[in-house]
Amino acid sequence: MAEFTAAVYQNEFLPDGGTDVNAIVTVTCAGAGTAGQTGGGSAGEIIIVDTSGSMGPETMAAAKQAAQAALAEIVDGTWFAVIAGSDRAMLAYPKVSSGPGMVQMDASTRSQASESIGAFVGSGGTAISTWLDLALTLFASVPQVTQRHAILLTDGENREDSNKLDAAIRNATGVFQCDCRGAGTDWQVGEIRRIAQALLGTVDIIPSPELMQAQFQEMMRTAMSRGVADAQLRVWTPQGAQVLFVRQVSPTVEDLTDRRTEVNPLTGAYPTGAWSDESRDYHVGVRVAAKAIGQEQLAARVQLALGEDIVTQGLVKATWSNDSELTAKIDQQVAHYTGQTELAAMIQEGLAAKAAGDEATATTKLGRAVQLAAETGNDEATSKLRKVVDVEDEKEGTVKLKRTVDKADEMALDTASTKTTRIKK
Amino acid sequence: MSDTTCPSCGAGVAADAKFCESCGKPIGDPATAAPTTTAAPAAAGDDLGSGPISAPTHITPVTAGTPAPDGRRPCVSCGGTVGPDTYCEQCGTKQPSERDHFRETPAPWVAGVCDRGIRHTRNEDAMALLASPTAGERAVLVVLDGVSNTDDSDKASLAGARAAREVLRTPLPRGMGTPESRLSAVTSVFADAVKAANDAVVGFTPEGSEHPPSATFVAAIVEGSVLSYANVGDSRAYWLPDGGQGVQLSVDDSAAQLQIEAGMSRLEAESGPQGHAITRWLGRDAPDLAPRVGEVTIDADGWVLVCSDGLWNYASEPDALVAQIAAAATSEPEALAVALTAFANAQGGQDNITVALARIAGQNAGATADQGHIDQGESHG
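Just so you know, these numbers come straight off a predicted model, no measurement behind them.

## Overview of the sheet that holds strand E15 (residues 267-275) of chain A
All names here are of chain A.
Move 1: Spatial strand order, E2-E18-E17-E11-E15-E14: six strands in an open sheet with mixed pairing. For this open sheet the edge positions go to strand E2 (13-14) and strand E14 (261-264), each flanked by a neighbour on one side alone.
Move 2: In the sheet, strand E17 (residues 296-306) pairs with strand E18 (residues 309-320) via 10 bridges, with the strands oriented antiparallel. Note that in E18 the partner of Leu306 across the bridge is Asp309.

Here is the structure:
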């Protein structure tokens, strides 16, 4: 049985009249077990591979190999299916046209599915909405599957009306999780990130085909280790208080503020997807009414809920004090993640400005990003930034845009922008 | 680290813990550890040897009140439900620990609140109440105000209040029939109660303590139409008849009182630099334990109020208290005690606040006042 714990990092002391409370809540899961094996329903996996005409022979060969490697990671008994995606979605395996669109993994279904993947031929365009729609239909055809996850590989830009993709994302949100990977450099980071963020998954670039197999193996291995099917982060705030924001800040920055659903008038729920043995950090900002010096009050209860069961809770407090030594301190964790959140925004906004030809803005924002990456010790961001800009002064954040940049490096910087580092606690 | 769990909230606690760090509830035998919300009836085998010689013909049984199923009171701030994490589930206000805020309602007509206030970090006031189920029959209100900046005076004061209550559990002696002999017998009982409280306070004195715990003492006993009272220090007893002239019964053992007696105005004396210096107290270094004792006949509906200076700091004159009682507009003792505590906190809550009340209604109205019975504040010693 999985065990959850929560730890809160904050400076609870507010000055006279202070109203805004910031806290980092670390939620840790241990003993998660294996997906679909904990009795709460079965797990389902769908592998979606881009089979459009743009997939070159080398990429296609690597994609087949990667998808087959992913199959090997799927634990026996898990329900699964394989989708070949182009300008429409094909159910490549199981080969059925009615009834349940997924089968349970065993030696025989694994080898049949592997064979189907081996027969992929690239042709046609890219209409990702149809891929998501089919995955949704397949999951719906097997009601006993309660933990739903897909991995999606594409190599090109979505060639359809963006409303269609928006609608498909909307329909899939809350139904299944999806990790997305882009092969090569002809796909749009923003577009694929939109899918991954809504569907509580990761996004990354696979710059060259030989890296594909390892990435797929890892993605599927991680998915299989998520023995806790679905959980909600719940944030209770006192009457009259306002939730300023709720963000996941580790392992990646994901703003959850707008994904609130009401549990009761004082409590909102935010999706977290499935959990393996892992730790995630959340940054919660709450505005409360100021109280008298010396008063203490609870600003938030940050809870993890499995169904209706609260499995752990962290208390975010506010205590008003006139001791400026107490109130002036900013908690180290809060400062760290505030910096990391700004870092993610600076990278994304800087790259967007660069793409739009606004070099002045791009230089300022990426310069600030370099400064923040150094300050918060995010070495991965620093090294990725250095492939896009020439750093003149890291402390001051003065940079120059590189004249020639490898497109893959720029995309890698973009996809990794939300990855954060932890500080030692 | 957690050796066992709290029976109230389920949080982990150390095996030898007396109170839960999480919810503040006592661990272990609640009869001995808990500041109970009701007075326990005298158990068979209770040592009555320290009580008065005139043994009771019967011991008034005290009915147990019904604590909430989970043992948690509503929020002190908004009245909402309090979570197992001791914070209000509506407004988030941190709830005081049981020692920092407790209430007793031994019968519907008698109740008290003992509260930390705002400025002090712990509640060194203490209270112990007793009441017969029949309104107006018999009630005992004991309040001790532990002197701050002495060691463990929070524990000492509570033990002292309970020890005094045990002594006062049996009806007061009638004496030989004259008011003088009656008063002398009553004085002797109160002296026993003070001694028991003092023994308990001294018992909490850590070895080699430079600041031995000390406390004030005030007790009031209602027996029908007779109200008896005794005090050491500056905690007070008042009789506040409905619509009548309220009176402060006890006389403070304080520098301020001496100044008042020398002609200074009450306001000036009580707000002066020596306003809170007491001249007598309980504790290892107590100068003199003889209480000032008095009795009065109560012949109207009204309130018997026993309180610490945490309340009277903000309403010293009986009229000022009557005004606050009127503002609270309730005839429920617990509601009024809560309201008066809230009033003191709203005024700044500079000190611990204890408010113990007995509601006198109906039973004595129309009885002839026996003014000759009134003996304000003359101690036998």
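## Focus: the nonpolar core
Move 1: Grouped together as the largest cluster of nonpolar side chains are 134 residues, with contacts concentrated most on Ile48, Ala63, Ala67, Ile83, Ala135, Val284 and Val316 of chain A.
Move 2: When neighbours within four sequence positions are excluded, Val316 of chain A is seen to be in contact with Val8, Gln10, Val21, Ala23, Val284, Val286, Ala299, Ala300 and Val302 of chain A.
Move 3: Within the second largest apolar cluster, 85 residues are counted, among which are Phe102, Phe217, Ile278 and Ile298 of chain B.

## Re the pairing of strand E13 (residues 292-297) of chain B
All names here are of chain B.
Move 1: When you tally the buried positions in E13, you get five out of six residues, the bulk of the element.
Move 2: Bridge analysis of strand E9 (residues 226-232) against E13 gives six bridges, and the strand direction is antiparallel. Directly across from Ser228, in E13, lies its bridge partner Glu295.

## Here we look at the sheet that holds strand E16 (residues 278-287) of chain A
Residue and element names in this part refer to chain A.
Move 1: The antiparallel open sheet is built from five strands, whose spatial order is E1-E3-E16-E12-E13. Unpaired on one side and paired on the other, strand E1 (3-9) and strand E13 (254-255) mark the two borders of the sheet.
Move 2: Note: strand E12 (residues 242-250) against E16, seven bridges, orientation antiparallel. Within the sheet, the bridge partner assigned to Val246 lies in E16 and is Val284.
Move 3: The sheet strands contacting helix H8 (residues 332-355) are E1, strand E3 (20-30), E12 and E16, and the helix crosses E3 at an angle near 90 degrees.

Conventions used here
- Residues numbered from 1 in each chain as written.
- Chains lettered and ligands numbered in written order.
- Predicted model: local features only at pLDDT ≥ 70, side-chain atom pairs only at ≥ 80, totals over all residues.
- Pairing = 2+ DSSP bridges.
- Helix = DSSP H or I, 4+ residues; strand = E, 2+ residues; numbered from the N terminus.
- Core = buried A, V, L, I, M, F, W, Y, C linked by C-beta atoms within 7 Å.
- Buried ≥ 20, exposed ≤ 12 C-beta atoms within 10 Å, placed from the backbone.
- Contact = placed C-beta atoms within 7 Å.
- Axes fitted to C-alpha atoms, helices over the stretch in contact; angles between N-to-C directions.

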